[in-house]
Structure formats: C-alpha cells, structure tokens
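A structural walkthrough
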Amino acid sequence: MELFIVHRNISNPSTSKIPWDHLEKIDIAKGLYLSYRKDLVEGEDYGNWFFLWYGEFDAKPDLSLLADRLDSDRAAETWGGRGVCIAINKIKAELKIINDSYGSFPIFFSKSPIDSDVIASNSIKAFNQIKIDWTSFYQFLSFGYIIGEFSIFNNVSRLMANSMLAVSGNSNEINIKVNRLENFWLMGGEVTEDKVDSIIDILRFEAGKIDRSLLMMSGGWDSRLLLSAMKDVSPVLYTHGNLASREIAIVRDIANLLRLELIEHDFSCDNFDDSLFQGYLEKNESMMFSHWAEAGRLASTRSLVMTAGTFGEVLGGHYGTLNSLPPKKKYLSLAAHMLGLGGFVDRYLHLEDIEQVYELLKVSNYNVFWMVRDEISERLKTLQLMEDSNDRLNSVLTSYREQGTDNAQAIYERFYTEHRGGQYINLQMKNAAVAGRFRNAFTNRDLIAVVSSIKFEDRAHNKLNKKVVRKICPELLKFPLAATLANAGRPLLVQEISRATRKFIEKNNLGMTLYSKMSVYGGRKFGWNDFEAIVSPELANGMLANFQSDLWDRDAIVGASNSKDSGMKYPLFDMLSKALTLDFSITPQRPIE
C-alpha cells in the first residue's frame, strides 16, 4: 500500500485502489510533488520544515530536535528512528526521507529519476513498470530478504537501514543523494551492572508506553524478557499454534503464575483463505507470516497495541557467526562459551576474521528454483545469480568496514539484523498489526546504544537476557525454555546439555516414553509449530489461485504440499509466502533478459 509517493506532475500517482481524496499533495518544486495518505501519515509544521511521519505506535521523533539537527547540518545524529520521517524544506526545493535503524520500513527510489515519473515511495508497486532484477528475485526466494541497496526491479534501489535519502531539484533536474546516519555498530565494551540497570529502565519505560498491550508470548527468551519488564502493566498474552504442545503448556503456566490473561489460538484451515491472502497483499505488499494475522485482528478489536520479541536477537546474541558453523565446530564454540573461553576458541575457529564472515554468508546453490518451471529455472541458472549475489554481499560487508565497523562479529550481526531481522523477521508483527498499532521495545534508540556498547560474547547464548530477568522477575527462570529441558535459571552448560537431550528424545521412541513419564510437560509435542493440517493441496491451490505470473511450477508446489514429512510443512508455507510476495510485486510479468 502506498503511504507516500514522490512524483512528477501526474494526476494520480497511486497504482492501487486508494481513492484520490485520501491523498494529500504537496508541492516540492516546479513539477515535483509528494502525495501521501493523510489518513495514515501524520503531518506537522515545525520551523523551516513540514514533517510527515509513520511508524511504530506513539514513537514519533522529537521534531524540534530533528529540525535543529537538519538546520545545523547534523543530520547524521538523527539515527534511531522507529519509522519513516519525511522532512520537507519550506524554503528550499528539497526533502529528506529518514528511515529506521534496522531497515524495517522500506523506502524505494529510482536510480534514474530523470527517466521516471515516480521518484521515491514506500511501495515497490509504485515502480511496477521496470525490468526484474533476477538476482534479487533469487535472493528473496532463498532468504526472504534482498542484499544491500537493491530491490526486485533493476532500476530501483532500496534505502539501506539507518540512512537518509535527500531529493532536490525540479521536474527537469532531480538530484538524489543517500547519506548514512551515525554508525552505532561499534561493539566491544564489557557488560556492567550499570548497563544492565539501564536496559531494565528502558524496557520499563517501553512497558509504560503501551499499558494496553498484546504481547506475543512464546516459550523463548525474547518474549520472556519483555514480560519480565511488562508484568506490572498486565499485558494480555497471546500464543498460537499447537495448543497441546509443550511450548504452549509452558506459556500457560507462566500466565497462571503472573495471573495474566492468555489468549490461545489454534490454527485452522478456515484462517487461510482468499480474504487473508488478498488483504495481506494489498495492505503489506507481502504475504509473510500471515499466521500472525489473527493476533493483529484481535489487538485491533480490543484496542490493544501489539508487541513481541522481534529484534530481541541482538540483545540475546543470536546473530553471531556461531550460527553459521557446521555442527561439530558449533558445539566446540558453545562448550567454550560455557567455560568462559568463548573468545579464545572463536579466534581459533577464525570467527573473529572479517574474511570469514563472507565465507559464512555467501550463497552456493540454486535449490529454491524447484518452485519455478523447469525452462525458467534453467534460464535463470545461466545468469550468474550466485556470483552476483556474492559480489553484492561483499560490497555490503566492505561498506560496513568503511563506516567504521571493523569487528567480525559486529559485521556479521549487523548484516543479519539489517537483512534477516529488518526485512524478514520483523514482518511478523508489522504485517499483522492494524493501522500501525504495534511497538517494538528493542528498537528504542537508547536500548540500541546500550546493547551496542556490549561485546557479542557477553550477550551470546542469552547471557544478558538472563541477567535482566534474574534481577526483575526471577520467578520466570523457574520454567524451562521451548528449546531446552532444564529450567531457564540453570547454568548455560546444563541448558545446552538439556537441549541436546531434547533433540535425542525427539528422535528416539524410548527416550520420548521415558520423558513422558518423568516430566510435568511429558506426553506433548515440543514446539508450537502445527502446520501439518494446514499445509495441504487445498491450501497450495488456494494460494496459487492468487498467483498471476506463469513462472511457477504449480504441479511441483501442489505435490510438495502433499508430503507426509511434517517437518517440511512450515518451511513450505514460508516458501509459498515468499513466492506469492514476489509474484504480487512483479506482476505484470516481465521477460527474462
């Protein structure tokens, strides 16, 4: 959905079904305009500037401070926004578009503005007359994100996270410049009690900003950390999936302990129909994580603000090079971290080498092309998409170093956060929320600053999360985590042994029998994920009915949905969601060139 479009003098820039009377048009210069959704975008005058803003709930930046920074050429200090802020200069013919720290709110702009009627927009569909960038197509189908400054179209860029786009000139001469904001990925400090206390204060501040909230609750660390800070404002807890699972039983016990309302939603085939598919595509231009839609609907009905643990991966140290290691090296690193030797062993494994980051992240296969027709797949494989992807990856990593991020863990973590976190994982809540009623505590600028001052090894394996929870709500450590058998308060070594034991039990009938008899959570499936009854030929055909291009191998997709392998059901649902997102973006279809 277009929230704003910077465009030349055309009558209605909107390519969707938005009524013209919902768009407000502002003159930037002769023949250059900005149109925006006045029902969804806030506008406010301040000094020499007219500001437009949309983003997280009640997170509008301090416009006085922002105006002062823009007036005094200190734009780099405007980092840390939690949405998109557009500053229109009332004196000069220029505007500046500032995005958020992690790139969750997309901004697209033309690489050749002199040849395009649309100069910039939040909507990729606004540019839907451009040739497909097949390297980006391949990346999105593989990972759910696109590397670097590229988009699904050849001549359209995506503004990278923590950046500002400046547009000036008139319809005959349009100038575009991208500036990176202040780099906060400069990690390496020690964790201290003062820093832990600062994190607690910030999380409690965030809790106070959403005193009527719907907290997406799982059996993991991130939502448990949020709950520890929010318990006094009595959030409504929400969980979904297999209601007979061990993970949801843990959530149920936590809710009972704290005497909080818990809403449990069991997935049903009835939840996934054309109204959901079309609604998600029209509102979000994305089909990702549509199983969160019911949570967003319920939050809206009850006037609650959604929140969840997305981006908690940074605080919890989940996005380190450790995650890309093969199993033996991963367990060696884990064991070393448990014994306080993590830094030494990680250096032995070359995890501190910047060159190793590229080796861990580079792409190496075309496995995702099983979804497209054979002749299309063969044609795409001749276009050097892997080589192009790896060149783009290398350019991004090089740009991080040029900006002053010279620590391998920080480079890896930054890449994962800005790409997988910002473009993919954060869509869980962002896509589901109605009219922007969501707020993410982990995007708080002050929290980002504190976390970025703590070296990765002091955050890895949820060490910092555990310190915070132990200080403010230690009773939450009495319960096990979704991925481990031992209670969360146990030492890391015990936690990891219990994780390995859980994996053994899942694959061993005798082990499962013994666990069922000995554990209070026995006799249950471990995880919430319950797509076995959802992902079927009926669902595949229902989703395929919304595909408009002829790229896809429909028979292969329906055949895969009929698989008896329950472990493949959710990955297939995710792949279908990526494919439908791509199909919606590129329609009408372009030839491969």
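Where helix α3 (residues 193-209) meets helix α17 (residues 463-472), the axes come as close as 10 Å, and the angle between the chain directions of the two elements is 70°. Relative to α17, the element α3 is oriented roughly perpendicular. Across from E193, V196, D197, I199, I200, L203 and R204 in α3, the residues of α17 making contact are L464, K467, V468, K471 and I472. Of the residues assigned to the contact of α3 with α17, the class counts are seven nonpolar, no polar and five charged.

A few words on the pattern of salt bridges. Following the criterion strictly, the structure yields 27 salt bridges and no others. Put simply, E94 and K96 hold a salt bridge, and the shortest N to O gap is 3.9 Å. The exposure classification of E94 matches that of K96, with both residues buried. Where E193 meets K471, a salt bridge forms, and the shortest distance between an N and an O atom there is 3.0 Å. Note that E193 is positioned in helix α3 and K471 in helix α17, a separation of 278 residues in sequence.

Quick look at the sheet that holds strand β10 (residues 156-158) now. Consider a sheet: its strands pair through backbone hydrogen bonds, and that pairing is either parallel or antiparallel. Judged by pairing direction, the sheet is antiparallel, and its six strands sit side by side in the order β2-β3-β1-β9-β8-β10 without closing on themselves. The sheet terminates laterally at β2 (23-29) and β10, the two strands that pair on one side only. In this sheet, adjacent strand axes meet at a mean angle of 20° when their direction is disregarded. Inspection of the sheet shows β2 paired to strand β3 (residues 32-37) by six bridges, in the antiparallel sense. Among the inter-strand pairings, A29 is bridged to a residue of β3, identified as L32.

What follows deals with a nonpolar patch on the surface. Nonpolar side chains collect at one region of the surface, where L339, L341 and F344 lie side by side and expose about 360 Å² of accessible area between them. For L339, the position within the fold is in the loop between α9 (327-338) and α10 (342-348). Here L339 falls in the exposed class, since its relative accessible area comes to 63%.

Our next topic: the nonpolar core. Soluble globular proteins tend to bury their nonpolar side chains together. Counting residues in each nonpolar core, the largest one holds 129 residues, and the members touching the most others are F137, M306 and W552. Among the elements that line this core, the one with the most residues is helix α22 (residues 569-586), at 10 residues. Sequence-distant contacts of F137, defined by excluding residues within four places in its chain, comprise I132, I152, F369, L380, L551, W552, L582 and I586. If you look at the next biggest cluster of nonpolar residues, it comprises 68 residues, including L203, L237, I250 and V469.

Of all the five residues making up strand β7 (residues 94-98), five are buried; the element is thus mostly covered by neighbouring parts of the structure. Going residue by residue along β7, you find E94, K96 and I98 tucked away on one face and L95 and I97 tucked away on the opposite face as well. Of the pairings in the sheet, the one linking strand β6 (residues 83-89) to β7 comprises four bridges and is antiparallel in character. Its bridge partner lying in β7, A87 is registered against K96. Hairpin geometry of β6 and β7 is characterised by an intervening segment of four residues between the two adjacent antiparallel strands. The pairing of β7 with strand β11 (residues 163-170) spans five bridges and is antiparallel. Paired with I98 across the strands is M164, a residue of β11.

Cut-off values and rules
Residues numbered from 1 in each chain as written. Predicted model: local features only at pLDDT ≥ 70, side-chain atom pairs only at ≥ 80, totals over all residues. Heavy atoms only, no water. Axes fitted to C-alpha atoms, helices over the stretch in contact; angles between N-to-C directions. Helix = DSSP H or I, 4+ residues; strand = E, 2+ residues; numbered from the N terminus. Parallel < 35°, antiparallel > 145°, perpendicular 65-115°, else oblique. Contact = heavy atoms within 4.5 Å. Nonpolar A, V, L, I, M, F, W, Y, C, P; charged D, E, K, R; others polar. Salt bridge = Lys/Arg side-chain N within 4 Å of Asp/Glu carboxyl O. Buried < 20%, exposed > 50% of the residue type's maximum accessible area, 1.4 Å probe, protein only. Pairing = 2+ DSSP bridges. Patch = residues over 30% accessible without salt bridge, like charges linked within 9 Å, V, L, I, M, F, W, Y side chains within 5 Å. Areas by Shrake-Rupley, 256 points an atom, 1.4 Å probe, with all protein chains shown as cover. Core = buried A, V, L, I, M, F, W, Y, C linked by side-chain atoms within 4.5 Å.

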